[in-house]
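What the coordinates show
Chain residues, written in single-letter form:
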Amino acid sequence: MAVGIAEERGRSWLPAATIGFLAGLDNIAASLAIASLLFAGPLSEGLGVGVGIVLVGGAILALVVALRSVLANSIALVQESSIAILAAAIITATATLTGPDDVRVATAVAVLGVSSLATGALFWVTGRLKLGGLARFMPYPVVAGFLAGSGWLLLDGAVVMMTGAGIDLSFIERASQPNVIFIFLPAIAFAVALEIAIGRFRHTITIAVVMALAAMIFFGVLAASGITIEEGRALGYFPQLTANGGIEFPTVEMLMKVDWSAVLMAAPTIVAVAAVSMVGLLLNISGLELAMRRDIDVNAELRSTGIANLLSGVIGGPSGYVGLTMTILAERTGVHGRGAGIATAIAMILGLVAAGSFVFEVPVFLAAGFVLFMGIGLLKEWLFATRRELPIGEWLIVLFILACIALIGFLEGLAVGLLVSIAVFVFNYARLPIMRVNGNGIEYRSSVDRSAAAARFLARHGEAIEMIQLQGYLFFGSADGMVKYVQRRLTDPHRIPLRFLVLDFRHVSGLDSAATTGFIKIRRMSEDNSVKVFLTQVPDDVRRTLQLAGIRFDKDGPMTLEADIDHALEHAEEAILQEQAEDTQTGLLGHFNALAGPHPRMGDLLALMSRIDVEVGDRIITAGDKADDLFFIAHGRVRVQVTLANGRKLRLRTMTDGSFVGEIGLYMRQERTADVIVEMQSEIFRLGADDLTRLETDDPELALLAHRLLATNLCEKLAIANQTIKRSER
């Protein structure tokens, strides 16, 4: 039994050890290239220190992330995108330093370590505050532009490694020198060979195999040419030996030599590195979520990766985070425990022990070619692949940011990219319709039931009311469209002059101070054209912003606040109906005639009804009562309301002159579903169900007239309901 368990454990560790070994080889190769990139040219004296801190920092990243990550099989790597930015920053920070080389080397190590500390702190604080989701809001074209720019910086760094300076006007002249050609051409060939091999053989050992073959060919050509390693070193084919001649580690003495003013000058780039690393980590987590088909706790991953970067930064090591390709490979090969990440860290430590002076025997073209390969990979993924994924307008932003980084600098490209992104966002957001729904008082009516004559009058004059539902966040770019619409409506000679404007804010999420200018213009236009403006369902913060801009809301002024669209439409309709006198037939008999047409027996029907006396606040119908009568409002006003479960009263409709109340319940023989409460002194007539039944037997002609009135009223209500449904479907 014990033997079986041991065999099972051996089998479970074997895939993890294999993946860890392969990832370790990949990390070691990348670390040698990264150290050569960071400590090239004037900083070549620090190559031994660079290899040491990159390997140890990478091992710390792999181990801590393996032990603490939400994904047990996570494999963390030093990420080339941030290294590319740092390489340029380190060159700039140390270029003006005077004195011995060890001052420049110490300062370069400090810049590298501080950037990792800043990245770790940003990760940890963001995860601690559970703000990881906010970083996902950075526009994708901007992210792609930054990463493509990082690819360009890697290409530029590789050229620095081979020629001593970056890509500029003198690049061709420098690259054509005989000793440089023997580095430059093999580096390009190696990078191309790596790209082709990775494309055809998707295996993690591919890089190590191609690198070994390239080294064998190079040493073979060197031997055939009769050139020794030391002679090749003198020609620049190999790194120059440092004073120690092997791998070194930062010391307290080195820390004392740091020029902290130069480190401070690199602070903006350090902040940019932390931000780009944050975006890179979140992109990788999103990719892992898709590949593994499960959600990942972003904030927990940020905290664990933050601790790993802080520990790497303490020794001056580079920043990094979970690698997408290696982690997916571990998942697909059945590695689900933490063994792969631990094995990766062990492999890097073993590589560190075995490296010794070996790092100085690695041809320059291998390190430079590997950096070229990484740069080509970033450009391929974030410049060329995105052309197929993004609309042409967004892809041009990627290209523009890349051009700015290449021609001006990374920080400048970062700033320009963000500004362009903001400008594009503002432009696109301003194109979104600010008006959710709009229509006139014929299409949109209040919930007040009115007489047939009043309804017909509103149908003729309702165009004098304009209702606009606003939506989204209102700012200077979007509010202008609303102002122009109102202006066109006011000056349209083919429509009834506008008298009432209803602006609804129910779907408005906010308002900036610049957008208030639009409402000031609307108030001025409304005053000039004698238009009353109702603002409905205005959020408190929006109302305060408008008031701070000098807009006053007075009941009798040009602008006033209303609870909702329904109340605003009701007030506008009431004002229009005040001009209805010449069209109005007074009394209940007049309302009946207007609804169903004159009839010789209409007076007989009215005589059968009983007039009831009501006061304000009286209930003529109570919810739950039996529906055994109906009411006709000759003059006055009642409110139909229901009581919600929380005790709040909700108004359903308001009934005025000529309205019928309770006919649906009477016809359906059901209990009353709402309360009907008198709102003003009213003249109301009642017709009981028993009266109607008796008419059907004793006076069928009069009964038919009564049913005709009720049916016509119900048809008009149905027509209004259908119109409301059609509006809601827009």
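Placed above this text is the structure.
All of the points below concern the structure found in this document.

Rules used in this analysis
Per-chain numbering applies: the sequence of each chain, read as written, is numbered from 1 onward. Whole-chain, interface and lining totals are the exception, using all residues; otherwise, since this is a predicted model, local features are given only for residues with pLDDT of at least 70 and side-chain atom pairs are given and counted only at 80 or more. The side-chain values count all of the structure's non-hydrogen atoms but skip hydrogen atoms and water molecules. If DSSP finds at least two bridges between two strands, the strands pair. Secondary structure elements follow DSSP: runs of H or I no shorter than four residues count as helices, runs of E no shorter than two count as strands, and numbering proceeds from the N terminus. Structural elements are reduced to axes, namely lines fitted to C-alpha atoms, with helices fitted over the stretch in contact, and the angle between N-to-C directions of any two is expressed from 0 to 180 degrees. Throughout, a residue-residue contact means that at least one pair of heavy atoms, one from each residue, lies within 4.5 Å. Note on aromatic contacts: the rings of Phe and Tyr and the six-membered ring of Trp form a pair at centre separations within 6.5 Å, being stacked when their planes are under 30 degrees apart, edge-to-face when over 60 apart, and tilted otherwise. Each residue's exposure class comes from its accessible area (1.4 Å probe, protein chains only) as a fraction of the maximum for that residue type: buried when under 20%, exposed when over 50%, partly exposed otherwise. By the criterion adopted, a ring carries a charge over it if an Arg CZ or a Lys NZ lies within 6 Å of its centre and within 35 degrees of its normal. Angles below 35 degrees are treated as roughly parallel, those above 145 as roughly antiparallel, those between 65 and 115 as roughly perpendicular, and all remaining angles as oblique. Crossing handedness is defined as follows: a turn of the near helix away from the far one that is anticlockwise and smaller than a right angle gives a left-handed crossing, while the clockwise case is right-handed. Only Asp, Glu, Lys and Arg are considered charged, only Ala, Val, Leu, Ile, Met, Phe, Trp, Tyr, Cys and Pro nonpolar, and every remaining residue, Gly among them, polar. Residues forming no salt bridge and having over 30% relative accessible area are the ones grouped into patches, like charges within 9 Å of each other and nonpolar side chains (Val, Leu, Ile, Met, Phe, Trp, Tyr) within 5 Å. The Shrake-Rupley method, run with a 1.4 Å probe sphere, supplies the accessible areas, and residue values consider only the shown protein chains as cover. Here, a salt bridge means any side-chain nitrogen of Lys or Arg that lies within 4 Å of a carboxyl oxygen of Asp or Glu. Asp and Glu are treated as the negative residues and Lys and Arg as the positive ones, with His and the ends of the chain left uncounted. Charge placement uses NZ in Lys and CZ in Arg. For Asp and Glu, CG and CD serve respectively.

The sheet built from 5 strands is open, its strands ordered E3-E5-E6-E7-E8 with mixed pairing. The open sheet has two edge strands with one neighbour each: strand E3 (435-440) and strand E8 (559-562). Strand-to-strand, the axes of this sheet are offset by a mean angle of 20 degrees, without reference to chain direction. Pairing geometry for strand E7 (residues 532-536) and E8, over 4 bridges, is parallel. The residue of E8 that forms the bridge with Phe-534 is Thr-560. Those strands touched by helix H22 (residues 540-548) are strand E6 (500-511), E7 and E8, and its axis lies near 115 degrees from that of E6.

At Ser-530, a position not held by glycine, the phi torsion is positive, near 55 degrees. The topology assignment puts Ser-530 in the loop between helix H21 (516-528) and E7. Positioned with a positive phi, Arg-669 is a non-glycine residue whose angle comes to about 55 degrees. As for its placement among the helices and strands, Arg-669 is situated in the loop between helix H26 (663-668) and strand E14 (675-688).

Our next topic: the packing of aromatic side chains. Applying the stated criterion to the full structure yields 14 aromatic pairs. A centroid spacing of 5.6 Å and a plane angle of 35 degrees characterise the contact between Phe-505 and Phe-519, whose relative ring orientation is tilted. Of the two residues, Phe-505 sits in strand E6 while Phe-519 sits in helix H21, which places them 14 residues apart along the sequence. For the pair Phe-505 and Phe-519, a shared accessibility class is recorded, and that class is buried. Considering the side-chain rings of Phe-592 and Phe-660, the 5.9 Å spacing of their centres and the 80 degrees angle between planes classify their relative orientation as edge-to-face. In this pair, Phe-592 sits in helix H24 (residues 587-596) while Phe-660 sits in strand E13 (residues 660-661), placing the two residues 68 residues apart along the sequence. Assessed through its relative accessible area of 1%, Phe-592 is described here as buried. Following the ring pairs from residue to residue traces out a cluster consisting of Phe-182, Phe-190, Phe-218, Phe-219, Tyr-237, Phe-238 and Phe-365. Over the ring of Trp-395 we find Arg-387; its NZ or CZ atom is 5.7 Å from the centre of that ring.

Let's shift gears to the environment of Leu-704. Relative to the assigned elements, Leu-704 resides in helix H28 (residues 700-728). Sequence spacing of Leu-704 and Ala-87 is 617 residues, and the spatial spacing of their C-alpha atoms is 95 Å.

To continue, consider the packing of helix H5 (residues 140-163) against helix H16 (residues 364-389). Between H5 and H16, the shortest axis-to-axis distance is 8 Å and the interhelical angle comes to 155 degrees. Classed by the angle they form, the pair H5 and H16 counts as roughly antiparallel. Note that H5 runs across H16; the crossing there is left-handed. A class-by-class count of the residues in the contact of H5 with H16 yields 21 nonpolar, 4 polar and 1 charged.

Taken together, the side chains of Asp-625, Asp-628, Glu-671 and Asp-690 define an acidic patch exposed on the protein surface. With respect to the helices, strands and loops of the structure, Asp-628 is situated in the loop between strand E10 (619-621) and strand E11 (629-643).

This part takes up the packing of helix H8 (residues 206-224) against H16. Geometry of a packed helix pair, given as the angle between the helix axes and the separation of the axes. At a minimum axis distance of 11 Å, the contact between H8 and H16 shows a crossing angle of 140 degrees. The two elements H8 and H16 cross, and the hand of that crossing is right-handed. On H16, the residues touching Ile-207, Met-211, Ala-214, Ala-215 and Phe-218 of H8 are Phe-365, Leu-366, Phe-370 and Phe-373. Each residue belonging to the contact of H8 with H16 can be placed in one class, and the counts come to 9 nonpolar, no polar and no charged.

A separate point is helix H14 (residues 324-332). Listed as buried for H14 are Met-326, Thr-327, Ile-328 and Ala-330. Residue Gly-334 follows H14 closely and has a positive phi angle near 85 degrees.

This brings us to the environment of Ile-207. On the secondary structure map, Ile-207 appears in helix H8. Along the backbone, Ile-207 and Val-192 are 15 residues apart, and their C-alpha atoms lie at a distance of 12 Å. When sequence neighbours within four positions are dropped, the list of residues in contact with Ile-207 reads Asp-26, Leu-194, Ile-198, Phe-370 and Phe-373.

Going through the model one piece at a time under the given rule, you end up with 24 salt bridges. Note that Glu-195 and Lys-380 form a salt bridge whose closest N and O atoms lie 2.9 Å from each other. Here the residue Glu-195 occupies a position in helix H7 (residues 178-200), and Lys-380 occupies one in helix H16, the gap between them amounting to 185 residues. Given the relative accessible area of 48%, Lys-380 is considered partly exposed. The partner of Glu-701 in a salt bridge is Arg-601, and the shortest N-O contact between them spans 3.5 Å. Residue Glu-701 is located in helix H28, and its partner Arg-601 is located in the loop between H24 and helix H25 (602-608); the two are separated by 100 residues in the primary sequence. Owing to a relative accessible area of 19%, Arg-601 belongs among the buried residues under this scheme. Within this structure, Glu-570, Glu-574, Arg-637, Arg-639 and Glu-679 form a network of salt bridges that share partners.

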